[in-house]
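Per-entry structural report
What follows is each chain in one-letter form.
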Amino acid sequence: MAAARSPQGATEIGDSGAGSKSGAGPVRGAVRSVGHALHLPFTGAARGIRKVTHAHGAGESGLGKLIELHGVNGAGDMMITVALASTVFFSVPTDEARGRVALYLAITMAPFTLLAPVIGPLLDRLPHGRRAAMASAFMARAFMALLLSGAVVTGGIELYPAALGVLVASKAYGVVRSAVVPRLLPPAFSLVKANSRVTLGGLLATGVAAPVGAGLQALGPRYPLYGAFLLFVAGTFLSFSLPHKVDSAKGEDRALLAADEQHLHRPRLKQGKRPGLRTVGTGVTHALAANAALRGLSGFLIFFLAFLLREHPLAGASAAVSLTVVGVSAGVGNALGTTVGAALRSRAPELIIVTVVAVVLGVAVTAAVFFGVILVAVLAAFAGFAQALSKLSLDALIQRDVPELVRTSAFARSETLLQMSWVVGGAIGIALPLNGTLGMAVASTIIAVGWLTTAHGLLSAARRGGRQHARVA
């Protein structure tokens, strides 16, 4: 009986264990399915982003990581913008806000403007610190974001220097990034194509961050700044994930930006001779001047329209909505200009710059004569389009005309000049009376000066360049 019962008991026990396992299997499967469903949107999106950013050799060269880093940069800056949109511009009377912003623009940006001429040479002498410089720019903004998270609630005076400190660090990052791109070009990639990808990556990240930041803002003014803090901390670590060749100066020399044909393609200077602006050629320097005018217009419009639309919003809309409409117009124009620039593949860059600056000049004059809601948004869109397309054309000229061993330095120095132009334009925008027609007239003057002083030189360079240089694909 015992022997008979033993097999039966064993069978029963075995059946019970099997039943237990068969019952646990579906549970584990359900748990795995739920976990997969929860993380799929994030991992799927991450894989999709990585697939795009690392395509066509960008992953192997390290350009893909720079694209992702620039996306983090754009998203973090957008979080800051969302958090401050209702604080810096709308929490105090307009005159007081303008006075404070002007004061801290002078205090914070004046040192940057004065030091800007030495940033390029500093990067030349300390090329091994590029990743550290980018990481420092992120770390500084992370610290400023924490300061701002308290200031936006208490309304403390530290809000203004912290906000403009974020701006300076962002501009400093832009200068270093421009110097890094040439070191990360995949095979058969032009600078135009690489910069287009980097710029589009930043614009897409900014577009995604805007509604996310708005949602966090609904929870409280601190939360977008906490989001910015996390993004900037991530950017600090991602900066060091870039390839080590970013910090390598092998094969590089100093670029000297000036229209001096005698020294063109002769980057090395005699011992003891003071550096001048001599190694990039007339086409590049005239293109840089035209881009400086467009960048100055950008700074002017940002500050002038921010205060103008606060006092005189678009018809039937609040000041915040008015600023959003103009900002979206500029962003769409910038994205379209980047896309068109990539599609043109460096064709006739001098002619492109002359044309787009002339078009912006025409729109600005029209906005000054027939000042109105629609024309302001149209000018913002055309300014964004022209800035993106002309910058990519400048990149094409640098790749075509600047010797490779000084190309990285040329990017750093040119971007520094463009940042200075943005500062000057912003200062003019703050100082100007809030009169729409007057503002558009000043905008027209900025562009007119840039176009009239560079058009002839660019067209002459185009005639010479077409015969002397092969087109960069």
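Every chain is numbered on its own, with residues counted from 1 as its sequence reads. Residues qualify for local features only when their pLDDT is at least 70, as the model is predicted, and side-chain atom pairs are given and counted only at 80 or more; totals for whole chains, interfaces and linings, by contrast, use all residues. In computing side-chain properties, one takes all heavy atoms of the structure into account and sets aside hydrogens as well as water.

Let us look at the overall build of the protein chain. The way it works is that DSSP assigns letters per residue, a run of H or I at least four long becomes a helix, a run of E at least two long becomes a strand, and they are numbered from the N terminus. Counting secondary structure elements, the protein chain contains 15 helices and zero strands. Buried residues in the protein chain amount to 50% of all 473 residues. Residues count as neighbours in contact if any of their non-hydrogen atoms are within 4.5 Å of one another. In the protein chain, 83% of the contacts between residues at least 6 apart in sequence involve partners at least 24 apart. For every residue, the accessible area (1.4 Å probe, protein chains only) is compared with the maximum for its type, and the residue is labelled buried under 20%, exposed over 50%, or partly exposed between those bounds.

Mapped onto the secondary structure, Glu350 falls in helix 11 (residues 349-369). As for Glu350 and Ala462, which are separated by 112 residues in sequence, their C-alpha atoms are 5.7 Å apart. If we skip the residues at most four places from it in the chain, Glu350 touches Leu397, Arg400, Leu458, Ala461 and Ala462.

Below, the discussion takes up the packing of helix 11 against helix 14 (residues 436-452). With their axes 8 Å apart at the nearest point, helix 11 and helix 14 run at an angle of 160 degrees to one another. Judged on the interaxial angle alone, helix 14 and helix 11 are roughly antiparallel. Helix-helix and strand crossings are classified by hand; for helix 11 and helix 14 the assignment is left-handed. Along the contact surface, helix 11 presents Val354, Val357, Ala358, Val360, Leu361, Ala364, Val365, Ala367 and Ala368, while helix 14 presents Thr437, Met440, Ala441, Ser444, Ile447, Ala448 and Trp451. We call Asp, Glu, Lys and Arg charged. Ala, Val, Leu, Ile, Met, Phe, Trp, Tyr, Cys and Pro are nonpolar, and the rest, Gly among them, are polar. Class assignment for the residues of the contact of helix 11 with helix 14 results in 14 nonpolar, two polar and no charged. Here, axes are lines fitted to C-alpha atoms. For helices the fit covers the stretch in contact, and angles between N-to-C directions go from 0 to 180 degrees. Here the angle decides the label: under 35 degrees means roughly parallel, over 145 means roughly antiparallel, 65 to 115 means roughly perpendicular, and every other value means oblique. If you view the pair so one helix is near and one far, a crossing is left-handed when the near helix is turned anticlockwise from the far one by less than a right angle, and right-handed when it is turned clockwise.

The next subject is the side chain of Arg177. For Arg177, the position within the fold is in helix 6 (residues 159-180). Among the residues examined, Arg177 registers a relative accessible area of 12% and is labelled buried. Not counting residues up to four positions away in its chain, the partners in contact with Arg177 are Leu66, His70, Met134, Asn195 and Val198.

Topologically, Asn291 is positioned in helix 9 (residues 282-311). With relative accessibility at 4%, the residue Asn291 sits in the buried group. Placed 96 residues apart in sequence, Asn291 and Gln387 show a C-alpha to C-alpha distance of 7.0 Å.

Turning next to the side chain of Asp77. Here Asp77 lies in helix 3 (residues 63-85). If sequence neighbours within four positions are ignored, Asp77 has contacts with Arg141, Val166, Ser170 and Phe232.

On to the pattern of salt bridges. Pairing between side chains of opposite charge can happen when their charged atoms approach one another. When a carboxyl oxygen of Asp or Glu lies within 4 Å of a side-chain nitrogen of Lys or Arg, that pair is called a salt bridge. For the structure on display, the rule yields two salt bridges. Between Asp395 and Lys391 there is a salt bridge, with the nearest N and O atoms lying 2.9 Å from each other. With Asp395 and Lys391 both in helix 12 (residues 373-401), this residue pair falls four residues apart, about one helical turn. Lys391 matches Asp395 in its accessibility class, with the two residues each being buried.

A separate point is the packing of helix 7 (residues 191-219) against helix 12. Viewed as axis vectors pointing N to C, helix 7 and helix 12 meet at an angle of 145 degrees, and their least axial separation amounts to 8 Å. Judged by the twist between their axes, the crossing of helix 7 over helix 12 is right-handed. Facing helix 7, whose interface residues are Leu191, Val192, Asn195 and Ser196, helix 12 presents Leu392, Asp395, Ala396 and Gln399. When its residues are assigned to classes, the contact of helix 7 with helix 12 shows four nonpolar, three polar and one charged.

Turning our eyes to something else, we now look at the nonpolar core. By size, the foremost hydrophobic cluster in this structure holds 84 residues, and its most contacted members are Leu66, Ile80, Leu148 and Leu305. Element by element, the count of residues in this core is highest for helix 9, at 13 residues. Grouping buried Ala, Val, Leu, Ile, Met, Phe, Trp, Tyr and Cys residues that are joined through side-chain atoms within 4.5 Å yields what is termed a nonpolar core. One finds Leu167, Phe303, Trp422 and Val423 within the second-largest nonpolar core, a separate group that totals six residues.

Stacked, tilted and edge-to-face pairs are distinguished by plane angle, under 30 degrees for stacked and over 60 for edge-to-face with tilted covering the rest, among Phe, Tyr and Trp rings (Trp via its six-membered ring) whose centres lie within 6.5 Å. By the definition in use, this model includes five aromatic pairs. Each ring, one from Tyr223 and one from Tyr226, has its centre 5.9 Å from the other, and the planes form 90 degrees; the classification is edge-to-face. Linking Tyr223 with Tyr226, this pair stays in helix 8 (residues 223-239), spanning three residues, or about one helical turn. On the basis of relative accessibility, which here comes to 32%, the residue Tyr226 falls in the partly exposed class. Between Phe303 and Trp422, the aromatic rings sit 5.7 Å apart at their centres with planes inclined by 65 degrees, giving edge-to-face as the arrangement. With Phe303 in helix 9 and Trp422 in helix 13 (residues 407-431), this pair connects stretches of sequence that are 119 residues apart. Judged by relative accessible area, Phe303 falls into the buried class, the value being 7%. Looking at Trp422, the relative accessible area reads 5%, which means it is buried.

For the rest of this paragraph, the subject is the confidence of the model for the protein chain. Taken as a whole, the protein chain shows an average pLDDT of 75; of its residues, 66% reach a score of 70 or greater. One number per residue, pLDDT, summarises how confident the predictor is, and it ranges from 0 to 100. In the predicted structure, residues 1-21 sits below a pLDDT of 50 and forms zero contacts with residues beyond four places in sequence or in another chain. Note that residues 258-278 has pLDDT below 50 and, in this model, 45 contacts with residues that lie over four places away or in other chains.

Attention now goes to helix 9. Residue pairs spaced three or four apart in an α-helix point in one direction, given the helix's 3.6 residues per turn. Relative to the 44 Å expected for 30 residues at 1.5 Å per residue, helix 9 spans 44 Å between its end C-alpha atoms, a close match to the ideal helical length. Its axis deflected by about 25 degrees at Leu305, helix 9 carries its strongest bend there. The buried count for helix 9 comes to 26 of 30 residues, which makes it a mostly enclosed element. Any helix carries an expected span of 1.5 Å times its number of residues minus one. A residue's bend is given by the angle between axes fitted to the 7 residues ending at it and the 7 residues starting at it.

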